[in-house]
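# Residue-level structural notes
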Amino acid sequence: MSTGQDPVARVRATFDAVADDYDQSGVAFFGPAALGLLEALAPQPGERALDIGCGRGAVTTGLARAVLPTGTVEAVDLSAAMVAHTSALLAREGLDARVRVMDAVDPDLPAGSFDVVASALVLFFLPDPAAALARWVRLLAPGGRIGLTTFGAEHPAAAEVNALFRPWLPPAMLDPKAMGPDDPFASDAGMEALLRGAGAVDVRTVTRRVPVVYGDVEGWKAFSMSTGQRMMWSLVPEAERDGLLARAADILDGARDETGRVVSWQDMRYTVGWAPAA
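Here's a quick rundown of the structure. This is a predicted model, so every value here is computed, not measured. (Residues numbered from 1 in each chain as written. Predicted model: local features only at pLDDT ≥ 70, side-chain atom pairs only at ≥ 80, totals over all residues. Heavy atoms only, no water.)

## Some points on the packing of aromatic side chains
As a reminder of what qualifies: Any two rings among Phe, Tyr and Trp, with Trp reduced to its six-membered ring, count as a pair given centres within 6.5 Å; such a pair is stacked if its planes are under 30 degrees apart, edge-to-face if over 60, and tilted if neither. Each residue is placed in one exposure class: buried if its accessible area under a 1.4 Å probe, protein chains only, is under 20% of its type's maximum, exposed if it is over 50%, and partly exposed if it falls in between. Every helix listed is a DSSP run of H or I at least four residues long, and every strand listed is a run of E at least two residues long, numbered separately from the N terminus. Throughout this description, the term charge over a ring refers to an Arg CZ or Lys NZ atom that lies within 6 Å of the ring centre and within 35 degrees of the ring normal.
Under the criterion given, the structure shown has 13 aromatic pairs. Centre to centre, the rings of F15 and Y22 are 6.2 Å apart; their planes meet at 75 degrees, and the pair counts as edge-to-face. Each member of the pair F15 and Y22 is classed as buried. Ring plane angle 25 degrees and centroid distance 5.8 Å describe the contact between F124 and F151, whose orientation is recorded as stacked. Highlighted residues: F124 in the loop between β4 (114-120) and α5 (129-138) and F151 in strand β5 (residues 140-154), separated in sequence by 27 residues. You can call F124 partly exposed: its relative accessible area is 25%. Three or more aromatic residues joined by ring pairs make a cluster, and in this case those are F15, Y22, F29, F30, F124, F125, F151, F185, Y214 and F223. Over the aromatic face of W265 sits the side chain of R209, whose NZ or CZ is 3.5 Å from the ring centroid. Between K221 and the ring centre of W233, over which it is positioned, the NZ or CZ distance is 5.7 Å.

## Digging into unusual backbone geometry
The step from L68 to P69 runs through a cis peptide bond, and the omega angle for that step is 5 degrees. Residue placement: P69 occurs in the loop between α3 (58-67) and β2 (72-77). Of note in this structure, D23 is not a glycine but carries a positive phi near 60 degrees. The topology assignment puts D23 in the loop between α1 (7-18) and α2 (30-41). For D202, which is not glycine, the phi torsion reads 50 degrees and is therefore positive. On the secondary structure map, D202 appears in strand β6 (residues 201-215).

What follows is the structure, encoded as structure tokens:
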């Protein structure tokens, strides 16, 4: 995958490539992470809900269970392969929701048409997060609410392992915490300011710690290759990958629990705001 590729095309290609493996590595993460966003948004029966960047549907299915059958659910994703998996999941669960391929940068949806907008781990992939977020807030009906999931603090060993990719990453792919405290994705205050700047009111943040049980370094690699981190792997020269994995194994050995499993954690930040009342 070329580093010179258009950023939107790069994201689409990554998630098309990873879709079959996404959230299938045996490491429970996206389901528990979705629960925190659903709790923060508290969707209610009869509401109109939208999931932007739905992935394989961890948040979409939760929204559907909460608002259907009297409400409605729409889900969009840039990746056609992700849309296909989410559609299949909803069909298996008997949940009637509409899933479409659509760019999160500017969703082609009517303004003021949703009571709940959810977006998990999407906004930081976009070339202009503030502009996209302003468009998302405009999709809310008066008094509707929007919830965003981003990454908070992480286990020190996980942070050290993730830093192994840094020599090969372009600036746009660096961890926001490495970019300094002024990056909006680096703090609760930054995310809250970003959401207020997009037009939301009564903005607040809650945090939930999600355990991440890799088991061993191969479990970590399988998980990382089944997520957006595959984009980072693609930028590491093939001759360097075994060395990166060996260094990761040394680091993760320090994160073993009393049973010998490699166990990490990730704090998930849920930033929620409301559209002004009419």
